[in-house]
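# Observations on chain architecture
Here is what each chain is made of, one letter per residue.
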Amino acid sequence: MATIPLITPDESGVTAAAMTATATGGDAFSCPNDTGDYVFLFRNDHSAGIDVSMVSQLTNKVVQGVGKVSKANQTKTVAANGGICAFKLSRNEISAYLDNSGLVNFSYASWNAALKVVGMKVPA
């Protein structure tokens, strides 16, 4: 698993060169739980679709007056041959995905070196 640094888009935008190859065991991004939102953009240049999951950290948490609460992983398929998908985390929901090290984790059902990712912090 690799920890990939976030970028902050500016007036010039984000280019494909900002994308990083994913790792076989999954990837993680350090995301401070502050006033910003986060977008994770995946591009798949492989000849088959790849399922990507943003891994939830909220499992059976007891919320007073509600009971046990869980948040499911978010899973999306990145289409083959240049397909793109995005995950967005708002500051209101990020705590459900941060692990004990302050990382948002991604896993891949069938990893391939042609799967690339860029994580962006969107300023408030």
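Everything quoted here is computed from the prediction, not taken from an experiment. (Residues numbered from 1 in each chain as written. Predicted model: local features only at pLDDT ≥ 70, side-chain atom pairs only at ≥ 80, totals over all residues. Heavy atoms only, no water.)

What follows is about the side chain of Lys121. Along the chain, Lys121 falls in strand 11 (residues 115-122). Within the structure, the side chain of Lys121 is placed 3.4 Å from the side chain of Tyr38, a separation counted as a polar contact. Those residues in contact with Lys121 that lie beyond four places of it in its chain are Ile7, Thr8, Pro9, Asp34, Gly36, Asp37 and Tyr38. (Helix = DSSP H or I, 4+ residues; strand = E, 2+ residues; numbered from the N terminus. Polar contact = N/O pair within 3.5 Å; in protein donor to acceptor, adjacent residues only side chain to side chain. Contact = heavy atoms within 4.5 Å.)

Once that is clear, we can look at the sheet that holds strand 11. On the basis of which strands lie adjacent, the open sheet formed by 4 strands has the order 2-11-4-9 and antiparallel pairing. Edge positions in the open sheet fall to strand 2 (20-21) and strand 9 (83-89), since each of these has one partner strand only. Here strand 4 (residues 37-44) runs beside strand 9; their pairing, made up of 7 bridges, is antiparallel. Looking at the pairing, Phe42 lines up with Cys85 of strand 9. (Pairing = 2+ DSSP bridges.)

What follows deals with the pattern of salt bridges. Evaluation of the coordinates by the stated rule reveals 3 salt bridges. Among the salt bridges present, the one from Lys88 reaches Asp37, with a minimum N-O distance of 3.6 Å. On the criterion of sequence distance, the pair formed by Lys88 in strand 9 and Asp37 in strand 4 is long-range, its members being 51 residues apart. A salt bridge links Arg43 to Asp45; the nearest nitrogen and oxygen atoms lie 2.8 Å apart. For Arg43, a relative accessible area of 31% puts it in the partly exposed group. What emerges from the salt-bridge pattern is a single network uniting Asp37, Lys88 and Arg91. (Salt bridge = Lys/Arg side-chain N within 4 Å of Asp/Glu carboxyl O. Buried < 20%, exposed > 50% of the residue type's maximum accessible area, 1.4 Å probe, protein only.)

Moving on, we come to the nonpolar core. Counting residues in each nonpolar core, the largest one holds 23 residues, and the members touching the most others are Phe40, Phe42, Val104 and Phe106. Contributions of two or more residues to this core are made by strand 4, strand 5 (50-54), strand 9, strand 10 (103-108) and strand 11. Residues within four places of Phe40 in sequence aside, it is in contact with Leu6, Phe29, Cys31, Met54, Cys85, Ala86, Phe87, Leu89, Val104, Phe106, Val118 and Gly119. (Core = buried A, V, L, I, M, F, W, Y, C linked by side-chain atoms within 4.5 Å.)

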